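Each chain is listed here by its residues.
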Amino acid sequence: MSENKSEEVVNGVVVDHSHDRVFYVTFGAVLGFLIALTIVISIIAGAISPDPGMTDLRRGQVSERIAPVGGVYTSAEALAAAAPAAAATEADTRSGSEIVAQVCSGCHAAGVLGSIKLDDTAGWSARLAEAGLDALVQSVINGKGAMPPRGGAPGLSDAQVRESVLAILEGAGVDVP
Ligand code: HEC
């Protein structure tokens, strides 16, 4: 048997309790240090991070993100109420010459598919004399030969088609009677 009070014999094995004490003291110190560190870090984080609350700007951004992508209209009135906004975004205000530059010149600039070239004055005045302006406009609206309806731009209105035919004739130096 040992004289040391911290030693004890358990089931024939000598157990030294001073090891436990050293462990508890060290473990307690480490634990205390980590708790203190956690408190310090959370105070620093609170001081340097911006306010996580909902500002008006953030609320606006969020409602924009979660806004529905489409709507279901169950009555003609509801549809009519919603339609002006949709129509306004699609309104095509291009002038005749702009349409010619963006749509028609795709073929008519170089005479693609046997189309009359934009600068072919004789060619255009012959067509105009043969068919008349209204018939030429109708050809474009309905498509003719290799030319798709409305020159392949189905969004064009009849008036815009007419404007672009006039712009082509004017550009080619053909006088429209
Ligand atoms: C995909 C090519 C293509 C595009 C784009 C195109 N055209 Fe044409 N266009 C043709 C061809 C090909 C013809 C000759 C059709 C024929 O006589 O068979 C033609 C003929 C015409 C004629 C004569 C029609 C007639 O009755 O003789 C006019 C006018 C005309 N195009 C205007 C336009 C206008 C305006 C646009 C733009 C809005 C346009 N084209 C876009 C290919 C095109």
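Residues numbered from 1 in each chain as written. Predicted model: local features only at pLDDT ≥ 70, side-chain atom pairs only at ≥ 80, totals over all residues.

1. Concerning the site of the ligand
In the vicinity of the ligand lie 27 residues, with Cys104, Cys107, Ser139, Gly145 and Gly151 positioned nearest. Secondary-structure elements contributing two or more residues to the shell around the ligand are helix H4 (96-108), helix H5 (121-131), helix H6 (133-142) and helix H7 (158-171). For the shell around the ligand, the leading source of residues is H4, giving 6 residues. Each residue belonging to the shell around the ligand can be placed in one class, and the counts come to 16 nonpolar, 9 polar and 2 charged. (Near = placed C-beta within 6 Å. Helix = DSSP H or I, 4+ residues; strand = E, 2+ residues; numbered from the N terminus. Nonpolar A, V, L, I, M, F, W, Y, C, P; charged D, E, K, R; others polar.)

2. What to know about the packing of H5 against H6
Look at H5 against H6: their axes get within 7 Å of each other, and the N-to-C directions meet at 105°. With respect to each other, H5 and H6 are oriented roughly perpendicular. Along the contact surface, H5 presents Arg127, Leu128 and Ala131, while H6 presents Leu133, Ala135 and Leu136. For the contact of H5 with H6, the residue count by class is 5 nonpolar, no polar and 1 charged. (Axes fitted to C-alpha atoms, helices over the stretch in contact; angles between N-to-C directions. Parallel < 35°, antiparallel > 145°, perpendicular 65-115°, else oblique. Contact = placed C-beta atoms within 7 Å.)

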